[in-house]
Amino acid sequence: MKKIKLTKFITMLAALLLLAACSSDNASSDSASKPVADFSFTNDGSTFTFTNLSTNGTKYRWDFGDLYYTSAEKDPVYTYKIGGEIRVSLTVTNEAGEESFITKVITAPRIIIIDIKIDGKFKDWDDVAVTDQNTSGNGSIQKIKIWAGGPNINVYLEGNKKMLMELVDMYINTDGNTQTGFLHGNWSEGSGAEFLFEGPVVSNGWGAFYNYTGTNGAWGWTPIAGSGSSITVSSLVSLSDTTNAIEFSIPKSQLGTLGSSIGIAITEMTSGWAAVANFPEAPKFSTLKL
């Protein structure tokens, strides 16, 4: 009788040990299959590329932290419309429905909203970088800013008291190629103008745009009828005893298909066609990448 009881006890003990071993194996297996969330990121300006470093995940949910968008992609790319420190979260889910969660702080560049109005008030140009400037102090025009956001090419010019803009030849490179179009000797290292505006700027008078129709970079232009009215110009504003400023805009539609950049160079003259100065002093047009 005792032998039977002992046998039953040994059998039960063996079963318990086997169950414990199986439970240990299952726990080990469960631990190995649990998701672990992690990610890294790089950015080009406001555009961030997120690289998913998570393990054991089958589903992903990104919260980009700006109250706009989430994503279920594994490695999303996202462009922010806000700047500053932003908390980005990733939730990883495995096949069993188990989740892992991680949050990291990124820093997005400050978003600058620029809304240029051609009104002779230049505060809206404060956040626009200087495109080009003269350093010698000679000439009339000393500084140019170009802003091409929106439907227009907007230009701010600042100069000394000789800058009156009574008459100009303004050369415009629109295709980004400095070796096609009119090749101006004053800007021998990079001109290639597809358009010319000739006439007074301050008065919105008889000026007109011209298409380049010459060959081999030589002089040759065809006027565009009625085009002069498309340029919108402020009055010439005296900023100080030594400085004048003016702003104007040209519809992009007036300039046809734009390439990778917009380049501008100006020959300023008096109303009697006497030369005042060329801008810029550099051997290339003042150029803004688009």
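Structure: see above.
The paragraphs below set out a description of the structure included in this document. (Residues numbered from 1 in each chain as written. Predicted model: local features only at pLDDT ≥ 70, side-chain atom pairs only at ≥ 80, totals over all residues. Heavy atoms only, no water.)

## A word on the sheet that holds strand β4 (residues 70-71)
Item 1. Taking strand neighbours across the sheet as the criterion, the four strands line up as β4-β3-β6-β7 in an open arrangement whose pairing is antiparallel. Across the chains shown, the open sheet's two edge strands, defined by having one partner strand only, are β4 and β7 (99-108).
Item 2. In this structure, strand β6 (residues 84-93) lies alongside β7, joined through 10 bridges in antiparallel fashion. Note that in β7 the partner of Thr93 across the bridge is Glu99. (Pairing = 2+ DSSP bridges. Helix = DSSP H or I, 4+ residues; strand = E, 2+ residues; numbered from the N terminus.)

## Here's the deal with the packing of aromatic side chains
Item 1. Across all of its chains, the model carries 23 aromatic pairs by this definition.
Item 2. Plain terms: the ring middles of Phe41 and Phe50 are 6.4 Å apart, the flat faces sit at 55° to each other, and that makes the pair tilted.
Item 3. What makes Phe41 partly exposed here is its relative accessible area of 30%.
Item 4. Ring plane angle 85° and centroid distance 4.8 Å describe the contact between Tyr78 and Tyr80, whose orientation is recorded as edge-to-face.
Item 5. Owing to a relative accessible area of 10%, Tyr78 belongs among the buried residues under this scheme. (Phe/Tyr/Trp six-rings, centres within 6.5 Å; stacked < 30°, edge-to-face > 60°. Buried < 20%, exposed > 50% of the residue type's maximum accessible area, 1.4 Å probe, protein only.)

## What about the pattern of salt bridges?
Item 1. Considering all chains together, one arrives at five salt bridges under this definition.
Item 2. A salt bridge links Lys34 to Glu98, with the shortest nitrogen-to-oxygen separation between them at 2.9 Å. Pair noted here: Lys34 is in the loop between α1 (2-33) and β1 (39-44) and Glu98 is in the loop between β6 and β7, with a separation of 64 residues, a long-range link.
Item 3. For Lys34, a relative accessible area of 40% puts it in the partly exposed group.
Item 4. Residue classification places Glu98 among the partly exposed positions, given a relative accessible area of 27%.
Item 5. A salt bridge links Lys143 to Glu158, with the shortest nitrogen-to-oxygen separation between them at 3.6 Å. In this pair, Lys143 sits in strand β9 (residues 141-147) while Glu158 sits in strand β10 (residues 152-159), placing the two residues 15 residues apart along the sequence.
Item 6. By relative accessible area, which is 19% here, Glu158 ends up buried. (Salt bridge = Lys/Arg side-chain N within 4 Å of Asp/Glu carboxyl O.)

## Let's talk about the pairing of β6
Item 1. Burial analysis of β6 places seven of its 10 residues in the buried class, which makes it a mostly covered element.
Item 2. Where strand β3 (residues 59-63) lies against β6, five bridges are found, and the strand directions are antiparallel. Bridge pairing in β6 links Lys59 to Thr93.
Item 3. Linking β6 back to β7 in an antiparallel pair, the connection comprises five residues, with Gly97 at a positive phi of about 85°.

## Topic: the nonpolar core
Item 1. Core analysis: the biggest nonpolar cluster contains 26 residues, and Leu157, Met170 and Phe248 have the highest contact counts within it.
Item 2. Among residues more than four places away in sequence, those in contact with Met170 are Phe195, Leu196, Phe197, Ile231, Phe248, Ile250, Ile264, Ala265 and Ile266.
Item 3. Judged by nonpolar contacts, the second largest core, of 16 residues, contains Ala37, Phe39, Phe64 and Tyr78. (Core = buried A, V, L, I, M, F, W, Y, C linked by side-chain atoms within 4.5 Å. Contact = heavy atoms within 4.5 Å.)

## Structural notes on the side chain of Thr174
Item 1. Structurally, Thr174 is set in the loop between β11 (167-173) and β12 (195-199).
Item 2. Note on Thr174: relative accessible area 3%, which makes it buried.
Item 3. Among residues more than four places away in sequence, those in contact with Thr174 are Glu194, Phe195, Leu255, Thr257, Leu258, Gly259, Ser261 and Ile262.

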